[in-house]
Amino acid sequence: MSVFQVKGAVVTGAAGFIGSHLCDALLNRNVPVVAVDNFSTGMRSNIDFLTKHANARSLKFIEADVIEPWQWQKSIPHEWMQKLSHVFHFASPASPPLYQELAFSTLWVNSLGLKNALEFADSLKSTGCGARLIFSSTSEIYGDPEVSPQPESYWGRVNSFGIRSCYDEAKRFGEALLFTHNWKKKTQHGLVRIFNTYGPRMNPHDGRVVINLLKQARDNEPLTIYGDGSQTRSFCYIDDLLDGVLRYAESDITEPVNLGNDVEFTILELAERVRSLHANKKLTIIRQPLPKDDPRQRRPDLSRAKQLLSPWCPKVSLPEGLRRTSEWLEQKA
Ligand SMILES: NC(=O)c1ccc[n+]([C@@H]2O[C@H](COP(=O)([O-])OP(=O)(O)OC[C@H]3O[C@@H](n4cnc5c(N)ncnc54)[C@H](O)[C@@H]3O)[C@@H](O)[C@H]2O)c1
């Protein structure tokens, strides 16, 4: 049931993979979208794509770092401000190589950046009930889990003092900030815990496993897997994730909800599926050492999402999602 209908939104991280799809979906509904990004990991081509949308007049793009004070809000037309019902705080480096390179920024965007976003959302109270903020948390808050699949009630097994902690602990802090904000200020903001999601418009150079393997296959290079490839992941196609994010945003749920796909594959199986998409090429699979603190398994328990966001459930199979992403990547070459 739609309690908080999206009538207008700020999307941080709009030049990124998920953010650009989110803007696209909102423009399809012809609602005003204020898209914000500093291009630290996102792609200008994703914003160019949005500016060609049939409803592009409903888009305002702002190049800014959301860690800094949101002075740019003064440039949003009054009639747009009055329509803003949602803030999607999706800005954050997300791939391990990039969040490790941008480690401080990763810590701040999920803490100070989130604080700015929450204060902005609350400041819209004058327009009615204030905007509802949705924070993009992650399955990484479960760390290297002892239980599988991971339900939202699982508290996780996270190393707070290692090379992944700038991301994992920043997201955990973000969750704590959002909980405390709702508790003390009586607001109704929410968060989704996103599991591995992939699709067109991912940065082919950001090192995430699906796009990395597809890019290697496109370029006729050996497919790289880390460790023996027996670690498992579940892969969600972007359309399924977005459907869940928008259902969550329009509900009044404030508790965390896992979003992803619960079909589990080993990384070796993923590499084999990518190889089978390029059966005409003689692609080899090569092994590299496993990165530190790499989780051994990852699969969402989707019971809560299926119950609260009914009739949501992931629909796009891995072969179909890989095919669509590969097609996009071929055109991008
Ligand atoms: N894709 C996934 O599988 C996945 C899984 C779990 C969580 N998430 C979360 O979803 C969100 C989006 O992820 P994505 O896959 O689209 O990543 P992405 O790197 O493609 O997009 C992130 C965007 O945020 C922007 N950004 C980063 N720091 C910023 C700052 N300080 N100010 C303004 N813009 C900034 C980047 O330039 C980029 O465009 C992130 O918060 C990420 O942690 C993604």
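Residues numbered from 1 in each chain as written. Predicted model: local features only at pLDDT ≥ 70, side-chain atom pairs only at ≥ 80, totals over all residues. Heavy atoms only, no water.

Right, let's talk about the sheet that holds strand β2 (residues 33–37) for a bit. Taken together, 7 strands build an open sheet; the order of strands is β3-β2-β1-β4-β5-β6-β11 and the sheet is parallel. Pairing within the sheet leaves two strands with one partner each, and these edge strands are β3 (59–63) and β11 (257–259). Here the average twist between neighbouring strands, direction ignored, is 20°. As paired strands, strand β1 (residues 9–12) and strand β4 (residues 86–89) are joined by 4 bridges and run parallel to one another. Within β4, the position partnered with Val11 by the bridge is Phe88. Those strands touched by helix α1 (residues 17–28) are β1, β2, β3, β4 and β6 (190–194), and its axis lies near 160° from that of β1. (Pairing = 2+ DSSP bridges. Helix = DSSP H or I, 4+ residues; strand = E, 2+ residues; numbered from the N terminus. Axes fitted to C-alpha atoms, helices over the stretch in contact; angles between N-to-C directions. Contact = heavy atoms within 4.5 Å.)

Looking down a regular strand, the side chains alternate between one sheet face and the other. Along β2, 5 of the 5 residues are buried, which leaves the element largely enclosed by surrounding structure. Here β2 shows two buried faces, one formed by Val33, Ala35 and Asp37 and the other by Val34 and Val36. Looking at chain direction, β1 and β2 are connected through 4 bridges and run parallel. Counted as the bridge partner of Val11 is Ala35 from β2. The parallel pair β1 and β2, bridged by α1, forms a crossover whose chirality is right-handed. Read as a crossover between parallel neighbours, the route from β2 over helix α2 (residues 44–51) to β3 is right-handed. (Buried < 20%, exposed > 50% of the residue type's maximum accessible area, 1.4 Å probe, protein only. Right-handed = clockwise from strand over helix to strand, strands pointing away.)

Another point: helix α12 (residues 318–332). Here α12 is 15 residues long and its end C-alpha atoms lie 21 Å apart, about the 21 Å a rise of 1.5 Å per residue gives. Buried residues along α12 sit against β7 (197–198), α8 (209–218), β10 (236–237), β12 (264–266) and α10 (267–277). (Expected span 1.5 Å × (residues − 1).)

This brings us to the state of the cysteines. Tallied over the full model, the rule gives 0 disulfides. Considering cysteine sulfurs only, Cys313 is the nearest to Cys236, which forms no disulfide, with 11 Å between them. What makes Cys236 buried here is its relative accessible area of 0%. (Disulfide = S-S within 2.5 Å.)

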